[in-house]
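Survey of secondary and tertiary structure
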Amino acid sequence: MTASVTARAAAPGSSNDWLREQGKVLTTKVLLLNFRPAMEKDSVRRIFSEILGIPGDTINDETSPENTPKWDSLQAMNLVVALEEAFNVRLSTKEILSMRTVGLVRKVLRDKGVAGA
Amino acid sequence: MNSVTSPASSLKEVWRKYAEQLAGKEVQSPLNIGIEASFTANSLIPFVGAPLVEAGLAPSIELGPYNQLFQVCLDYKSYFHSDLNVLILLFRLEDFALDDLLAFLQGDDTAFESASSKIDLLVSALQKLRASFKGSIIVNLPPFPSILPSHTLSLENSYGLGKLHRGLTSRFFEQVKNIPGIRICDFDAIQREHGLSRSFDSRQWYLYRQPFTDSFLLTAGAVLARMVKAFRIAPKKCIVLDCDNTLWGGIIGEDGLGGIQLGDEFPGTAYRDFQRLLLYWRQQGILLALASKNNEADVWEVFDKHSGMLLKREHISAWQINWEPKSENIPKIAKVLNIGTDSLVFIDDNPAEIDYMRQARPEVVSILLPEEPADIMATLRTISVFDRHEITQEDRQRSDMMKAEEQRVALGNNLSKEEFQKSLGLCIDFFPAREEDLDRITQLINKTNQFNLSTIRRSLDEVRELAKSSRHRIFGLRVSDKFGDYGLTGVVIAEFFPEGSELVIDTFLLSCRVLGRGVETALLSVLAVEAQKEGATEVVANFIPTAKNTPAAAFLPDHHFLSEDKKLWRLAVSQIPAVLPWISLAHLGGHKA
């Protein structure tokens, strides 16, 4: 992600559409990486945020049903389905019952081989 | 990371977004739907709601209390806030008559009778509901039971569980079909279509008492949504058909009468089957029309002379057979039939015709005939644009019918909430907790949200400490009735203050499985007996409101407790009623949790 790429994308009157398109794509990725740091990459946080309807920055490893009213047994069902779908894993009932905090959710996923969970 | 979302997840997202932007707003012509189920039904909501949102309706869905179908039928106003337009009642045999099913499998001859009487009771409750509720009612036919020792592929199934399921379903259906205006949703058929092994979610069943997979809920929700939609949105009235490669294989203008494919040989059989479908739709009141780029004479020659044709001239209500663009023929057909173009469905095998029609006439539902003739029937017979409920003469005379029904019901059926509770054979066991009960008690303390006065959470160690305290008493409650044995489902923790003759309730909770039967009051009554034994003259209770314990909010005031601050409530022990005579007190043993 270099200035030259950005410059290429911004070059006026460039007749190379493909290159301009590539430049746009790369520029977008640069912007994302720089200006939306944790959100895009952190799928676990994003899933919890979307399903519970709470802002992503209120979610940390200690987030649990005890301190988060919106995380009830009904949302727990939706969370399990979403996590399985996103990470292509199948959670056993034992694993589901152990996922009492976001930190423990991450641990379960990492133990199942999900990198960077 | 898997970036592909399933259809189920997409629908959940649609519902989530809709519910968010709807929160607190006034809705024009809302569609208020209540769902009452014998199982945990929260997961079903987005699958009923999202298709309705996509159809342009404004649904608001409320869930009734867990497994209280009778209570809801006999007194729906107590359970739903809004003016309900539609009430959906869902039950499964395993939730409703588990003991009977198990007894049947053990060879008990009386089990079928016992289960049948429960079915009859439900029918009575539905009759009562029909007499008191003006909205639309949908009830399901129960699906083939899951999780029992016998299953669909068991060799004995036809004579065993299969026979029981068929018998009970049939008994239910034969009675419900006579109740005016109750629509039936065949959950067994949906489960068959879906596949039972793909329908049952054993993990969610064991963890949450939610028995269905997302994919089953998606299908069931879609069918329920179609039923609800059919109460509000009129079906399409006419289907406009292309001819070549739609009603027959080939092109009449080029292949001639002998060259087109229609009849007993494939692909002629596929087109003949499609004509059968069209005749079926016509029989239901849908008009058939033709829009074909052809010479009229050629088309009519097929209708009049081809032996494979099932459609005849007299089946066609309007036609535009010419070389004009079909998008201009459409309004002409609509005019002849005196209907709007938005009542039309257009079917053609040519993707370009479909594309063009969608752009030129977006109000017409344009459907592309599958290229593969073998897929024609499979794809087209499932379209839902013609969904409608049979509006019977009885429906039209609803208000007159209801008066007559009310009288009939009043004469022949004395089922009321009180009668129902009396008939339950409710049995409770209120006992001081022993060491071996503390595990289950701690579990209840930490997971019971709804009927919980104080929602105080404690660890097992904390509960053990409390058990040792001489001022505290920990009680457990076991409950059973004719529908089943629910096990240890209630906890009371009380502190005795001999100086002030007070018994202070620290914890008073019941599992939602046993609510709505009179257990709430009975628990207070048996606690009062204990209070008297200890010499207490007053019961004091703390009510701490949470987001989830609204069901418990009315309990203390309803029982005449008084409070100055709505937090601390008091009542003299002498004012607490004794246990009602039809509830028996017993020692219910066992380790069922």
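Residues numbered from 1 in each chain as written. Chains lettered and ligands numbered in written order. Predicted model: local features only at pLDDT ≥ 70, side-chain atom pairs only at ≥ 80, totals over all residues.

1. Let's talk about the overall build of chain B
From N to C terminus, chain B includes 25 helices and 19 strands. With the C-alpha coordinates aligned to their principal axes, the bounding extent of chain B is approximately 105 × 60 × 55 Å. Here chain B holds 593 residues, and 37% of them are scored as buried. Of the contacts made within chain B by residues no fewer than 6 positions apart, 72% connect residues no fewer than 24 positions apart. (Helix = DSSP H or I, 4+ residues; strand = E, 2+ residues; numbered from the N terminus. Buried ≥ 20, exposed ≤ 12 C-beta atoms within 10 Å, placed from the backbone. Contact = placed C-beta atoms within 7 Å.)

2. So, the overall build of chain A
Regarding its fold elements, chain A presents seven helices and zero strands. Reading chain A from its N end, one meets helices and strands in the order α-α-α-α-α-α-α. Considering only residue pairs separated by 6 or more positions, chain A has 41% of its internal contacts joining residues 24 or more positions apart.

3. As for the environment of B:N542
All names here are of chain B. Along the polypeptide, N542 turns up in strand β16 (residues 538-542). For N542, a count of 17 C-beta atoms within 10 Å corresponds to the partly exposed category. Note: C-alpha distance between N542 and S150 (392 residues apart in sequence) is 48 Å. In this structure N542 touches L453, S454, I505, K567 and L568, once residues within four positions along its chain are discounted.

4. What to know about the confidence of the model for chain B
Mean pLDDT over chain B works out to 91, with 94% of the residues at or above the 70 mark. For this predicted complex, the interface score ipTM comes out at 0.72, while the overall pTM is 0.82. (pLDDT = per-residue confidence, 0-100.)

5. Let's talk about the domain arrangement of chain B
The domain boundaries assigned to chain B delineate domain 1 (7-232), domain 2 (238-380) and domain 3 (424-585). The gap between the C-alpha centroids of domain 1 of chain B and domain 2 of chain B is 38 Å. (Domains from an automatic or database assignment.)

6. With respect to the interface of chain A and chain B
Counting residues at the interface gives 15 residues for chain A, matched by 17 residues for chain B. Secondary-structure elements contributing two or more residues to the side of chain A that touches chain B are α5 (73-87) and α6 (93-98) of chain A. Examining the composition of the side of chain A that touches chain B, we find that nine residues originate from one element, α5(A), more than from any other. Tallied by class, residues from the side of chain A that touches chain B come to eight nonpolar, six polar and one charged. (Nonpolar A, V, L, I, M, F, W, Y, C, P; charged D, E, K, R; others polar.)

7. A closer look at the sheet that holds strand β8 (residues 316-321) of chain B
Residues and elements named next belong to chain B. In spatial order, the strands read β8-β7-β6-β9-β10; together these five strands make up an open sheet with parallel pairing. Only two strands of the sheet have a single neighbouring strand rather than two, namely β8 and β10 (365-368). Taken pair by pair, the neighbouring strands of this sheet meet at an average axis angle of 20 degrees, ignoring direction. Two elements, strand β7 (residues 287-292) and β8, share five bridges in a ladder whose sense is parallel. (Pairing = 2+ DSSP bridges. Axes fitted to C-alpha atoms, helices over the stretch in contact; angles between N-to-C directions.)

8. Focus: unusual backbone geometry
Residue and element names in this part refer to chain B. Put simply, F266 and P267 share a cis peptide bond, and its omega is 0 degrees. Here P267 is to be found in the loop between α12 (252-259) and α13 (268-283). Positioned with a positive phi, N67 is a non-glycine residue whose angle comes to about 50 degrees. Considering the arrangement of structural elements, one finds N67 in the loop between β2 (59-63) and α3 (69-74). Despite not being glycine, N245 has its phi angle at roughly 60 degrees, a positive value.

9. Overview of the nonpolar core
Residue and element names in this part refer to chain B. If you look at the biggest cluster of nonpolar residues, it comprises 60 residues, and the most contacted ones within it are C73 and I88. For this core, the element with the highest residue contribution is helix α11 (residues 214-232), accounting for eight residues. Those residues within four positions of I88 in sequence are excluded, and the remaining contacts are I33, G34, I35, I138 and L224. I428, A494, L510 and A536 belong to the second-largest nonpolar core, a separate cluster that totals 48 residues. (Core = buried A, V, L, I, M, F, W, Y, C linked by C-beta atoms within 7 Å.)

10. Brief notes about helix α7 (residues 161-176) of chain B
Residues and elements named next belong to chain B. When the terminal C-alpha atoms of α7 are compared, their 22 Å separation across 16 residues agrees well with the 22 Å that a helix rising 1.5 Å per residue should span. What α7 keeps buried is the set L161, L164, H165, L168, F172 and V176. Considered in projection along α7, the buried side chains sweep an arc of 100 degrees and stay on one side of the axis. Facing away from the buried surface of α7 by more than 90 degrees, the exposed residues are S170 and E174. Taken together, the buried residues of α7 touch α4 (93-96), α5 (98-105), α6 (111-132), β4 (136-141) and β5 (182-186). (Expected span 1.5 Å × (residues − 1). Arc of directions from axis to C-beta.)

11. With respect to the sheet that holds strand β3 (residues 86-90) of chain B
Residue and element names in this part refer to chain B. Judged by pairing direction, the sheet is parallel, and its five strands sit side by side in the order β2-β1-β3-β4-β5 without closing on themselves. Looking along the sheet, the strands with just one partner apiece sit at the ends: β2 and β5. Between one strand axis and the next, the sheet turns by 20 degrees as a mean value, whatever way the strands run. Packing against the sheet, α7 makes contact with β4 and β5, and its axis sits at approximately 160 degrees to β4. Docked against the sheet, helix α8 (residues 187-194) engages β4 and β5, running at close to 25 degrees with respect to β5.

12. So, the confidence of the model for chain A
Scored by pLDDT, chain A has a mean of 76; 65% of the residues are at 70 or more. Across residues 30-40 of chain A the pLDDT falls below 50, and counting only partners more than four positions away or on other chains, this stretch makes five contacts in the model.

13. Observations concerning the packing of helix α2 (residues 45-54) of chain B against α11(B)
Residues and elements named next belong to chain B. Interaxial distance between α2 and α11 falls to 7 Å at its minimum, and their mutual angle equals 50 degrees. Comparing their axes, α11 and α2 come out oblique. Here α2 and α11 pass one another in a crossing that is right-handed. Residues F47, V48, P51 and L52 of α2 form the contact with α11, whose participating residues are L217, L218, G221, A222, L224, A225, V228 and K229. (Parallel < 35°, antiparallel > 145°, perpendicular 65-115°, else oblique. Left-handed = near helix turned anticlockwise from the far one by under 90°.)

14. Examining the pairing of strand β18 (residues 568-572) of chain B
All names here are of chain B. Bridge analysis of β16 against β18 gives five bridges, and the strand direction is antiparallel. Bridging from a neighbouring strand, A541 pairs with W569 of β18. Linking two consecutive strands that pair antiparallel, namely strand β17 (residues 562-563) and β18, is a turn of four residues; a positive phi of about 65 degrees is found at K566 within it.

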